[in-house]
Amino acid sequence: MADQLIDLQSALEEIDGASELSALQNIKAKYLGKQGIITGLFKKLSSIPQEEKRVFGQRVNALKNQIEAKIAEKRAEIEKRLREEKEQRNRFDITLPGAIRDIGAYHIVSQVMEEVQEFWLSMGFEIATGPEVEDVYYNFEALNTPEWHPARDMHDTFYFNSNRLLRTHTSPIQIRVMEKRTPPLAIFAPGKCYRKDTPDTTHLPMFHQFEVLYVDKHVSVAHLKGILETFVKRVFGRDRKIRLRPSFFPFTEPSFEVDVSCSICGGEGCRSCGGTGWLEILGSGIVHPNVFKNVGYDPEEWSGFALGMGVERIVMLKHDIADIRDLLRNDKRFLKKFMGVNI
Ligand code: DAH
């Protein structure tokens, strides 16, 4: 009797055919809701003859349980499918390489400049700077550099007009500082310089220098030599020696080119140092009296030493770089070799 109550088979198929939770919900309401078919059968219970009640009740209960079980099973199936669909949508391949960013670093020229600066600061020198677009007066005249000096040639120097140029060295900073200050003074002046040089293995039209100026009473070559020795040992290594060679600069008298002993042969002479055992690193000297006169210092009272050095030159010597142009090529393979060398 109860078998004819409802077509269980088609009810189960109906449930099975639901592909969305909302459809399933509707089917559930159709059978088990307040107005549902199964609920209707339970309501009939009271009008069933007493002797059939038990069997009828059991049958309806069984139907209810089967439909409930099927709905629960279907719900789990749909929810699983929805979960999988969502996972598929949000899926990403964790084995794909990420967007790797290179970590930046100071350029080797900046690193060496920093190292050099540390030394002079530790010796009590102050940092001074000056303009890269300079007056002819500061770049040459005040530095006692005569008209005939090759650096003053239009072909060697970047002029804006007859009075202005890109500074050819950091020496004009000496004048700018002395004009404003009274001695004694000790300055370290780093900066970029420009010359109309065609780039080759040892020349660039833009390069870095630093200038050192010390003015006090009774300053002698001994002071210059002493501090240079300390500088070279600190920056190039304890085993390095220096040599002063007489030279000429218009703004110093006497003037010296300073050499450092070759690191490859230790002074014996090899291919690296052209067989001499020495490598030229800087120009220096005792400040010329005319320079003091130009800034209003009494040369009878004050004396001083000055020196100027190319930073790229130190970089090349310290790190065995054969071609100065490598410093500007922006080749990451080259630059990476010097990441954090000194800092
Ligand atoms: N200014 C010179 C140059 O660029 C280098 C130099 C030589 C600077 C002697 C000095 C010095 O202060 O005393 O070639």
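Residues numbered from 1 in each chain as written. Predicted model: local features only at pLDDT ≥ 70, side-chain atom pairs only at ≥ 80, totals over all residues. Heavy atoms only, no water.

How we decide: UniProt positions are given in the numbering used here, feature names are shortened, and annotations may be inferred rather than shown by experiment.
Per an unreviewed UniProt entry, the protein chain goes by the name Phenylalanine--tRNA ligase alpha subunit and belongs to Kosmotoga arenicorallina S304. According to UniProt, the comment filed for the protein chain under the heading Subunit (unreviewed entry) is "Tetramer of two alpha and two beta subunits."

## Some words on the packing of helix α5 (residues 108-122) against helix α10 (residues 311-319)
How we decide: Think of each axis as a best-fit line through the C-alpha atoms, taken over the contacting stretch in the case of a helix, with angles from 0 to 180 degrees between the N-to-C directions. In this text, helices come from DSSP runs of H or I with a minimum length of four residues, and strands from runs of E with a minimum of two, each type numbered from the N-terminal end. Angles are sorted into four bins: roughly parallel if under 35 degrees, roughly antiparallel if over 145, roughly perpendicular if 65 to 115, and oblique for all others. The criterion used for residue contact is that any of the two residues' heavy atoms lie within 4.5 Å.
Here α5 crosses α10 at 100 degrees, and the two axes come no closer than 9 Å. In terms of their interaxial angle, α5 and α10 are classed as roughly perpendicular. Between α5, through Ile 108, Val 109, Val 112, Met 113, Glu 115 and Val 116, and α10, the contact on the second element is made entirely by Val 311, Glu 312, Ile 314, Val 315, Lys 318 and His 319.

## Digging into the UniProt feature "domain: Aminoacyl-transfer RNA synthetases class-II family profile" (unreviewed entry) in the protein chain
The positions that UniProt labels "domain: Aminoacyl-transfer RNA synthetases class-II family profile" (unreviewed entry) are, in the present scheme, residues 106-317. In this annotation, residues 106-317 is assigned 27% helix and 31% strand; the end-to-end C-alpha distance for the span is 18 Å.

## Some details on the sheet that holds strand β8 (residues 278-287)
What counts is decided by this rule: By definition, two strands form a pair when at least two bridges between them are found by DSSP.
Spatial strand order, β1-β4-β5-β9-β8-β7-β6: 7 strands in an open sheet with mixed pairing. Pairing within the sheet leaves two strands with one partner each, and these edge strands are β1 (126-127) and β6 (242-249). On top of the sheet, helix α8 (residues 221-236) reaches β5 (206-216), β6, β7 (252-261), β8 and β9 (303-310); it is set at about 30 degrees to β9, its chief contact.

## Focus on the site of the ligand
Applicable threshold: In these notes, residues near a molecule or strand are those with any non-hydrogen atom within 4 Å of it. Contacts described as polar in this section are N or O atom pairs within 3.5 Å, which, within protein, must combine one atom able to donate a hydrogen with one able to accept it, while residues neighboring in sequence count only if both atoms come from side chains. In this description, accessible areas are obtained by the Shrake-Rupley approach with a 1.4 Å probe, and a residue is regarded as covered only by the protein chains that are shown. Here the term charged refers only to Asp, Glu, Lys and Arg, the term nonpolar to Ala, Val, Leu, Ile, Met, Phe, Trp, Tyr, Cys and Pro, and the term polar to all other amino acids, Gly among them.
Neighbouring the ligand are 15 residues, the closest being His 169, Ser 171, Arg 195, Gln 209 and Glu 211. In this structure, Ala 306 approaches the ligand through a main-chain N or O atom, which is 3.1 Å from an oxygen atom. Coverage of the ligand by the protein amounts to 89% of the 360 Å² it exposes when considered alone. Listing elements by their share of the shell around the ligand, those giving two or more residues are β5, β8 and β9. Class assignment for the residues of the shell around the ligand results in 4 nonpolar, 9 polar and 2 charged.

## A closer look at the pairing of strand β4 (residues 185-194)
To be explicit about the condition: Think of it in three bands: residues with accessible area under 20% of the maximum for their type are buried, residues over 50% are exposed, and the middle band is partly exposed, with areas taken using a 1.4 Å probe on protein chains only.
Burial within β4 is extensive, with 9 of its 10 residues counted as buried. Bridge count between β1 and β4: 2 bridges; the pairing is parallel. Following the sheet pairing, Ile 127 is matched in β4 by Phe 188. Of the strand pairs in this sheet, β4 and β5 are connected by 10 bridges, and their pairing is antiparallel.

## Notes on the environment of Ser 261
Within the fold, Ser 261 resides in strand β7. Separated by 59 residues in the primary sequence, Ser 261 and Asp 320 have C-alpha atoms spaced 14 Å apart. If sequence neighbours within four positions are ignored, Ser 261 has contacts with Asp 239, Arg 240, Lys 241, Gly 277 and Trp 278.

## Regarding the nonpolar core
Stated formally: Buried residues of nine kinds, namely Ala, Val, Leu, Ile, Met, Phe, Trp, Tyr and Cys, make up a nonpolar core once their side-chain atoms join them within 4.5 Å.
Counting residues in hydrophobic clusters, the biggest one holds 45 residues, and the most contacted among them are Trp 120, Phe 210, Phe 231, Ile 281, Phe 305 and Leu 307. Phe 305 has contacts with Phe 125, Val 212, Leu 213, Tyr 214, Val 219, His 223, Leu 224, Ile 227, Gly 285, Ile 286 and Val 287, leaving out every residue within four places of it along the chain. Counting residues in each nonpolar core, the second largest holds 21 residues, with Met 178, Leu 185, Val 291 and Phe 292 among its members.

## As for unusual backbone geometry
The omega torsion across Pro 183 and Pro 184 is 5 degrees, close enough to zero to call that bond cis. By the secondary structure assignment, Pro 184 is in the loop between α7 (172-180) and β4. For the peptide bond that leads from Glu 253 to Pro 254, omega is 0 degrees, which places it in the cis range. Positive phi, normally seen in glycine, also occurs at Asn 330, with a value near 65 degrees. With respect to the helices and strands, Asn 330 occurs in the loop between α10 and α11 (332-337).

## Considerations on the UniProt feature "coiled-coil region" (unreviewed entry) in the protein chain
The UniProt record marks residues 60-95 with the feature "coiled-coil region" (unreviewed entry), using the residue numbering of this structure. Annotated as residues 60-95, this span is 83% helix and 0% strand, and its ends, taken at the C-alpha atoms, are 56 Å apart.

## Section: helix α4 (residues 50-89)
Heads up, the condition is: To estimate how far a helix should reach, multiply one less than its number of residues by 1.5 Å.
With 40 residues, α4 extends 58 Å from end C-alpha to end C-alpha; this agrees with the ideal 58 Å at 1.5 Å per step. Every buried residue of α4 is listed here: Phe 56, Gly 57, Val 60, Leu 63, Ile 67, Lys 70, Ile 71, Lys 74 and Ile 78.

## Comments concerning the pairing of β9
Looking down a regular strand, the side chains alternate between one sheet face and the other. β9 sits mainly inside the fold: 6 of its 8 residues count as buried. Strand direction decides the pairing type here: β5 and β9, joined by 8 bridges, are antiparallel. The residue bridging Phe 210 from the neighbouring strand is Met 309, located in β9. In terms of strand pairing, β8 meets β9 through 5 bridges, oriented antiparallel. Bridge pairing links Leu 282 to Met 309 in β9.

## Focus on the environment of Gly 226
Within the element layout of this structure, Gly 226 appears in helix α8. Overall, the relative accessible area of 30% leaves Gly 226 in the partly exposed class. Linking Gly 226 and Glu 301, residues 75 residues apart in sequence, is a C-alpha distance of 22 Å.

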